[in-house]
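Residue-level structure breakdown
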Protein chains: 4
Amino acid sequence: MSLYKGERLSINVFGESHGKAIGVVINGFPAGEVVNIDELQKFLARRAPGQSALSTARKEPDIPQFLSGIKDDIIGGTPICAVITNTDQRSRDYEAMRYTPRPGHADFGAFERFSGHADMRGGGHFSGRLTAPLCVAGGIAKQILARQNIEITARIKSIGGVVAQKPQCEPTPQMKERILEAKSQGDSVGGIVECEINGIKAGVGGLMFESLESKIAAMIFAIPAIKGIEFGNGFAAAALIGSENNDEFVFNKEIVSTKTNNHGGILGGLTTGMPIVFSVAVKPTPSIAKTQDTINLDTKQAVKLSIDGRHDPCIVPRILPCIESAAAIVALDTIDN
Amino acid sequence: MSLYKGERLSINVFGESHGKAIGVVINGFPAGEVVNIDELQKFLARRAPGQSALSTARKEPDIPQFLSGIKDDIIGGTPICAVITNTDQRSRDYEAMRYTPRPGHADFGAFERFSGHADMRGGGHFSGRLTAPLCVAGGIAKQILARQNIEITARIKSIGGVVAQKPQCEPTPQMKERILEAKSQGDSVGGIVECEINGIKAGVGGLMFESLESKIAAMIFAIPAIKGIEFGNGFAAAALIGSENNDEFVFNKEIVSTKTNNHGGILGGLTTGMPIVFSVAVKPTPSIAKTQDTINLDTKQAVKLSIDGRHDPCIVPRILPCIESAAAIVALDTIDN
Amino acid sequence: MSLYKGERLSINVFGESHGKAIGVVINGFPAGEVVNIDELQKFLARRAPGQSALSTARKEPDIPQFLSGIKDDIIGGTPICAVITNTDQRSRDYEAMRYTPRPGHADFGAFERFSGHADMRGGGHFSGRLTAPLCVAGGIAKQILARQNIEITARIKSIGGVVAQKPQCEPTPQMKERILEAKSQGDSVGGIVECEINGIKAGVGGLMFESLESKIAAMIFAIPAIKGIEFGNGFAAAALIGSENNDEFVFNKEIVSTKTNNHGGILGGLTTGMPIVFSVAVKPTPSIAKTQDTINLDTKQAVKLSIDGRHDPCIVPRILPCIESAAAIVALDTIDN
Amino acid sequence: MSLYKGERLSINVFGESHGKAIGVVINGFPAGEVVNIDELQKFLARRAPGQSALSTARKEPDIPQFLSGIKDDIIGGTPICAVITNTDQRSRDYEAMRYTPRPGHADFGAFERFSGHADMRGGGHFSGRLTAPLCVAGGIAKQILARQNIEITARIKSIGGVVAQKPQCEPTPQMKERILEAKSQGDSVGGIVECEINGIKAGVGGLMFESLESKIAAMIFAIPAIKGIEFGNGFAAAALIGSENNDEFVFNKEIVSTKTNNHGGILGGLTTGMPIVFSVAVKPTPSIAKTQDTINLDTKQAVKLSIDGRHDPCIVPRILPCIESAAAIVALDTIDN
C-alpha cells in the first residue's frame with residue numbers, strides 16, 4: 001500500500017509515471033485552513049522537471065486539480081483529492097525494457113511482486129514522478145505549519161563529492177559543474193541533504209516504535225533514491241565519547257535549551273525543543289546513458305542496456321521540496337499529540 | 001504508543017525500568033510454531049546486563065514468563081504475553097534526578113510530554129532495559145525465520161572509532177581496550193553495527209510509505225541510542241557516480257542476482273533477493289560519571305550532575321541482539337505479503 | 001478520515017455530492033485479476049439514481065474513470081484510483097440550507113465538526129452519492145470473490161412495513177405501492193435488507209476487536225441510513241433458550257456443518273463455514289417534501305423547512321449493491337488471514 | 001489480533017480462560033488522571049462470576065495487578081499493563097471436549113483457524129472471561145470520562161422474552177424467575193441491553209468507515225454473545241415513515257437539540273449532542289447442560305455432548321459493565337477528534 005496512516009493524517013499517493021494521472025488523497029488536514037495556490041505552485045515548481053540543463057528534459061506543468069475537500073481555497077475537513085494529469089510521457093522509450101530490469105531501479109522487485117502485471121513504463125508507481133503528489137500534500141502542510149511558526153528547510157550539503165562549506169539552498173557553481181561533467185559522460189551523481197525543522201516545542205513525538213525518529217525515517221524512505229538518514233551527529237557520534245556527544249541543558253531566557261545540538265532535536269523519540277536536524281543520503285540517479293549489463297527476464301539471456309530516456313544527471317536539487325514535504329507531513333501529524 | 005502495528009504482527013512493549021515488570025504482548029505469530037526456550041534464553045543472555053566489566057553492574061536474569069499464547073512451548077495463535085519481573089533496580093540512585101534531566105536522555109522530553117507524571121526512575125519506559133521484551137519477540141521471530149532459512153546477523157563495524165577490518169560478532173581486543181579506557185575516565189563510547197538478512201526472496205516489501213526500508217528504519221529507531229541508518233552503500237553512495245553505484249543484473253544459476261550489492265538488497269522499497277544489508281549508528285551511552293551541566297526543572301536553577309548509577313561504558317555489544325530482533329520482526333511481518 | 005484500513009486492503013473514498021468529482025483509491029487488490037468493466041457498470045447501475053419513479057430524478061451516469069492501477073482491464077498491484085465526475089448537481093436547491101440543518105441528516109454534526117467549512121451542498125461528503133465509489137471498490141471485489149466461488153447477495157426483507165414472504169432481489173408490487181404512497185405524501189419509507197455470503201471456509205475472521213462481526217458491522221455503518229445490524233437470529237435470539245438457538249454440529253458429506261444456521265455463519269468472530277447471514281435496518285430517507293421544523297444556526301431562529309430537491313422516497317432497492325459492496329470488501333480483506 | 005487500534009488509544013487483550021493469567025495493555029490513556037482503585041474494583045465486581053445463583057459457580061476475585069504505566073494510582077502516560085491471575089479454573093471439565101466443538105461456541109472456527117494449536121480449555125481466548133481485562137480498560141475510561149461529565153449506563157430491556165417496562169440496572173423479579181427456570185431445565189436465556197452515553201458534544205465521530213456507529217459497533221461485537229446492535233429506533237425505524245422518524249431541530253436554551261431522539265444521538269457518523277442510545281442483542285449462553293449433538297473432529301463420528309462445567313444460565317446482568325466498557329473506550333478515544 002502507498003498509504004501513510006498517521007496519528008491524524010493519512011496520505012494515499014496513486015498513479016503511474018506513464019498512466020493517465022498521478023495524485024493523492026489526504027485525510028485529516030484541519031478544516032478552515034487556507035491553501036495559497038500560488039505559493040503551492042511555486043513550491044511544486046522547485047520539484048518539477050524540465051527547468052534547466054541540470055534536470056530531465058521531460059516537462060510537466062504539474063498543476064494539481066483539486067477534486068474534493070477544498071472549496072474557494074479553504075480546507076473543508078473532508079478528504080482532499082488532488083490529481084495531476086500526465087501529459088508529456090513517451091512510453092516508447094521504455095517499451096523495450098519490460099523484461100530488462102534497469103540496474104538500480106525497482107523494476108525487478110516489482111516484476112516479482114506483481115507477477116509482471118504492474119504498469120512499469122517510466123518506472124510506473126516507483127518513478128520519482130510520484131513525489132509530485134507527495135509535494136502537493138507537503139506543500140499544503142508547510143503552509144499550515146508556517147502559520148504556527150514552524151519552518152522547514154532542506155539544504156544541499158554535498159553533490160557528487162563536492163561538499164559545501166555550509167548547507168546551501170541551491171547547488172554551488174562547483175556542484176553544477178560536477179553535475180554537468182557526469183551528464184557529459186552519460187553518468188549521474190548523488191548527494192547529501194540536510195533538513196531542519198524549527199519551532200516545534202519539547203515533548204512531541206512518541207514512544208519506541210512511534211518515536212519521532214521512526215516516523216521521520218519511515219516517511220523519508222518513501223522517497224525514491226534515499227539510502228540513509230541520520231539525526232544530529234548521526235554516524236559521526238559513533239566515534240565520539242559521551243561527554244563530547246551529550247548536549248548539556250541550560251536555561252535560555254527561561255526556555256530550556258541545550259548548549260549544543262548534537263542530538264538533532266530528538267531524544268528518546270521525543271523533541272527537546274531544539275531544532276530537529278537530520279541528513280539524508282541521495283544515491284546517484286540510476287538511469288544513465290552508459291551501457292550496463294542486465295538480463296532479459298523472458299528469454300533468460302544476458303543483455304546490454306543503455307537508457308535513452310530523458311533523465312536527471314542529479315536529482316538532489318529537485319529532491320529538496322520532497323524532503324521538506326516528508327518532514328512537513330510528519331510534523332503536522334505529530335505536533336498536537 | 002509503544003505499539004508496532006504491522007501487516008500481520010503487532011508488538012506492544014510495556015514497563016518501566018524500575019517498575020514491577022516489563023513485558024510484551026505479541027499478536028500474529030503463526031500457530032503451531034515451536035518456541036525453543038533454551039535457545040531464546042541464550043539469545044536474551046546476549047543482551048542481558050552484568051555479563052562482564054564492559055557492561056553495567058545491574059544484574060537481571062531477564063527470564064520471560066509466558067502468561068498466554070504459548071502452551072507446551074507451542075504457539076497457539078492467540079496473543080502472547082511475556083513478562084520479565086524487575087528485581088535488581090536501585091531507585092535510590094535516581095531519586096535526586098527527578099527534576100534534573102540527564103544530558104542525552106529522554107528525561108526532559110518525557111517530562112514535558114507527560115507533565116511529569118511518568119515514572120522515569122532509571123529512565124522509565126525509555127530505558128534500554130525495554131529492549132529486553134523487544135528481544136523476546138525478536139528471538140522467537142528469529143527461530144521461526146530460521147526454519148524458513150532466513151538468517152539475521154548483526155556485527156560490530158566499529159567502537160569508539162576503532163574500526164574492525166571486517167564486521168565482528170564480538171568486540172576486538174582493541175575495541176575492548178577502547179571501552180575500558182572510556183570507562184576509566186567516567187566516560188562512554190558508541191559504535192557502528194552492520195546487520196545482514198539472508199534468505200528473503202525478491203519482491204518482498206511495500207510501496208512508498210510502506211517500503212521495506214521505511215519499515216526497517218522505523219523499527220530500528222525504536223531502539224534507544226540509534227542515531228542513523230543506511231542501506232547498502234548508504235551515505236557513501238552520495239559521492240559515487242551512477243555507473244559505480246548501480247548493481248548490474250546477472251543470472252546466477254538461473255537465479256536473478258546482482259554482480260555487486262551496493263543497494264543493500266532493497267530497491268524501490270522491494271527486495272531484490274540479494275542479502276539485505278544495513279548499518280546503524282549507536283551513540284555513546286549518555287549516562288556517564290563525568291560531571292555535566294544541567295538544570296533543575298523545579299527550581300529553574302543550573303545544577304551539576306554526576307551519574308553514579310551502574311551504567312554501560314558501551315552498549316554496542318549488547319545492542320546486537322536488539323538490532324537482530326528489530327530486523328527479525330520486520331522480516332517475519334513482511335515475507336508473505 | 002473516510003479511510004478503511006483493513007488487513008491487506010485500504011479503501012479511501014473522497015468527494016462531495018456537488019463538488020467536481022467523487023472517487024476512491026484502493027490499495028491491495030491482487031495483481032493479475034481482470035476487471036470486467038461491463039459487469040461492473042451493470043453492478044453500478046443497480047445503485048445509480050434516476051432509474052424509475054421510485055428514485056430521485058437526479059441522473060448521473062456514474063461511469064468511473066480509472067486513473068491508475070488498472071491497465072488493459074488488468075489490476076497491476078499499485079493503488080487504483082477511480083473517479084466519477086459529478087454532472088447533474090443543482091446546488092441552487094441547497095443554497096438556502098447552509099445554516100438550516102435538515103432533520104435526519106449529518107448537516108448539524110458536520111457544521112459543528114468542521115466549523116462550517118465543509119462543502120455540504122447536497123449533503124456534501126455525507127451524501128448517499130458517496131456510496132457510488134464504494135460500489136466501484138465493492139463491485140470489483142465481488143468479481144474477484146466470484147472467481148473463488150464466493151457469492152454475495154443482498155435481498156429485501158421489508159419496505160415500509162411490507163414484509164416479503166421471503167427476501168427478494170426486487171421490491172414486490174406491494175412494496176412499490178407503499179413507496180409511491182409515501183412519495184405522493186411528500187414522505188419516505190425505509191426497510192430491512194438481508195445479506196448472505198456463501199463460500200467462505202471455516203476459521204476466517206479475527207479475535208475480539210477484529211472479529212468478523214466487528215469488521216462487517218463497521219463497514220456496514222459506513223453506508224448512510226443504516227441504523228442496525230444483526231447476525232443470524234440477531235435480536236430474535238434474545239427471546240430464545242440456548243437449546244433452541246444453538247446450532248448442533250454434524251458431518252455433511254465429510255464437511256463439518258450445522259443443522260441450523262441461527263448463528264449466521266460466525267461464532268466467536270470466526271466463520272463456521274456456514275453461510276454468513278446478516279440483516280440491516282435502513283431508515284426512511286430523511287429528505288422529505290413535508291414541512292419540518294428546524295433552526296437557523298446563523299440567526300438562532302426557528303424556521304420551517306421543506307426539501308424541494310430530487311430525493312428518493314425509498315433508498316432500499318438502491319442500497320442493495322452498497323450492502324453487497326461492503327460485504328465484499330470485508331470478505332476479500334479477510335479470506336486469506 | 002485482539003487489538004483495538006483507535007485514534008489515540010490502543011487496547012490489547014491477552015490470555016486464555018484456563019491459562020496462567022489474562023490481562024490487557026493500554027496505550028494512550030491521558031497522563032495525570034487518577035485511577036480510583038476501589039471504584040474500579042466495584043465496577044469489576046459487577047462483571048465477576050460467582051456472585052449469585054444466577055451466574056456460574058466459578059469464583060475469580062478478578063483483582064487486576066498493574067505492572068506498568070500507573071504509579072501511586074496516577075496514570076503516567078506510558079503503556080499500562082494489568083494482569084489478572086487465573087485461580088479457579090478446572091480444566092478437567094473441558095479436557096474431553098478438545099475435539100468436540102460445543103454448539104454455539106467458537107471452538108470449531110478456532111480449531112480450523114489455528115490448526116488445533118490454540119489453548120481452548122474453557123473456551124480459551126474466546127471465553128467470556130476475557131471481558132474482565134476489557135472491563136479494566138473500560139472501568140478506567142469511565143472514571144476519566146466522568147470527570148468530563150460524560151456518563152455511560154447500560155440497562156436491561158429484556159431477559160428471555162421478559163420485557164421490562166423501562167430498562168433496568170438489575171433484572172426484575174420476573175426476569176430472575178425466568179433465568180432460574182431455564183437453569184432448572186439445564187438451559188439458558190439471553191436478552192436485550194440498552195446503553196446510553198450522555199454528555200458528548202455535537203460533531204464528534206468520523207466519516208464513513210470511521211463513523212461513530214462503525215466504531216461503537218465494532219467494539220461491541222468484540223464482546224462474546226452479542227448478535228446485534230441498533231442505534232436509536234434501529235430496526236423499528238424500517239417500518240416508520242420519514243416524517244415520523246426524523247428528529248426536528250430546536251433550540252433548547254441556546255443549545256441545539258432535537259425534539260425527539262429517534263436517531264440515537266448519531267447522524268452521518270457524527271454526534272448531534274443528543275444522548276447516544278443503542279441496544280444490543282445478547283444470545284442465550286451457549287454452554288448448557290442439556291444433551292446436544294455434535295461431532296468428534298478426530299474420529300469424524302457424531303457424538304452426544306452435555307456440558308457439565310459451571311456456566312451462567314444468563315450472562316445479561318454480568319454483560320452490563322462490558323457494554324459500558326466498550327462504549328467508554330470508544331467515547332474516550334473519540335471525544336477530542
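Anything mentioned here points back to the structure above.
Parameters at a glance
- Residues numbered from 1 in each chain as written.
- Chains lettered and ligands numbered in written order.
- Predicted model: local features only at pLDDT ≥ 70, side-chain atom pairs only at ≥ 80, totals over all residues.
- Heavy atoms only, no water.
- Contact = heavy atoms within 4.5 Å.
- Buried area = accessible area lost by both parts, 1.4 Å probe.
- Polar contact = N/O pair within 3.5 Å; in protein donor to acceptor, adjacent residues only side chain to side chain.
- Helix = DSSP H or I, 4+ residues; strand = E, 2+ residues; numbered from the N terminus.
- Nonpolar A, V, L, I, M, F, W, Y, C, P; charged D, E, K, R; others polar.
- Least-squares fit on C-alpha atoms with pLDDT ≥ 70 in both.
- Pairing = 2+ DSSP bridges.
- Axes fitted to C-alpha atoms, helices over the stretch in contact; angles between N-to-C directions.
- Expected span 1.5 Å × (residues − 1).
- Buried < 20%, exposed > 50% of the residue type's maximum accessible area, 1.4 Å probe, protein only.
- Arc of directions from axis to C-beta.
- Phe/Tyr/Trp six-rings, centres within 6.5 Å; stacked < 30°, edge-to-face > 60°.

A closer look at the interface of chain D and chain B
Taken together, the 38 residues of chain D in the interface contact 38 residues of chain B. With both sides pooled, the region where chain D packs onto chain B buries about 3000 Å², and carbon together with sulfur makes up 68% of that total. Inspection of the region where chain D meets chain B yields 8 residue pairs in polar contact (both at pLDDT 80 or more). Sorting the residues of the side of chain D that touches chain B by element identifies β1 (3–5), β2 (10–15), β3 (21–27), β4 (65–68), β6 (74–75) and β7 (80–85) of chain D as the ones contributing at least two each. Ranked by residue count, the leading element in the side of chain D that touches chain B is β2(D), at 5 residues. The residue inventory of the side of chain D that touches chain B, partitioned by class, reads 17 nonpolar, 14 polar and 7 charged.

Structural notes on the relation of the copies chain D and chain B
Take chain D, turn it by 180°, move it 0.0 Å along the axis, and it overlays chain B with an RMSD of 0.0 Å. On this basis, the relationship between the two copies can be described by a two-fold rotation axis. Mapped onto chain B, 100% of the interface residues of chain D are again interface residues, and the two copies thus contact each other with one and the same surface.

Regarding the sheet that holds strand β7 (residues 80–85) of chain C
Residue and element names in this part refer to chain C. Read from one edge to the other, the open sheet built from 5 strands follows the order β1-β2-β3-β7-β4, with strand pairing classed as antiparallel. Every other strand in the sheet has two partners, leaving β1 (3–5) and β4 (65–68) as the edge strands with one partner each. Taken pair by pair, the neighbouring strands of this sheet meet at an average axis angle of 15°, ignoring direction. Bridge count for β4 against β7 is 3 bridges, and the pairing is antiparallel. Looking at the pairing, Ser68 lines up with Cys81 of β7.

Concerning helix α5 (residues 173–184) of chain C
All names here are of chain C. For α5, built from 12 residues, the straight-helix expectation of 16 Å at 1.5 Å per residue is met to within 8% by its first-to-last C-alpha distance of 16 Å. When α5 is considered as a whole, its buried residues turn out to be Met175, Arg178, Ile179 and Ala182. Within α5, the buried residues cover an arc of 100° as seen down the axis, which keeps them to one side. Within α5, the exposed residues directed more than 90 degrees away from the buried face are Pro173, Glu177 and Ser184. Looking one or two places after α5, you find Gly186, whose phi comes out positive at around 65°.

Focus: the relation of the copies chain A and chain B
A rotation about some axis, followed by a shift along it, carries one copy of the chain onto the other. The operation relating chain A to chain B is a screw motion whose rotation component is 180°, with 0.0 Å of axial translation and a residual RMSD of 0.0 Å. Of the interface residues in chain A, 100% have counterparts in chain B that sit at the interface too, so the contact is made through matching surfaces.

Considerations on helix α4 (residues 131–146) of chain B
For α4(B), with 16 residues, the first-to-last C-alpha span of 21 Å sits near the 22 Å given by 1.5 Å per residue. With respect to burial, α4(B) is a largely interior element, 15 of its 16 residues being buried.

Brief notes about the packing of aromatic side chains
The tally for this structure, following the rule as stated, stands at 22 aromatic pairs over all chains. Between A:Phe231 and B:Phe221, the aromatic rings sit 5.3 Å apart at their centres with planes inclined by 85°, giving edge-to-face as the arrangement. Of this pair, A:Phe231 sits in strand β11 (residues 226–231) while B:Phe221 sits in the loop between α6 (212–220) and β11 (226–231), on two different chains. By the burial criterion, A:Phe231 is buried, and B:Phe221 matches it. Each member of the aromatic cluster is reached from another via a ring pair, and the members are A:Phe221, B:Phe231 and B:Phe278.

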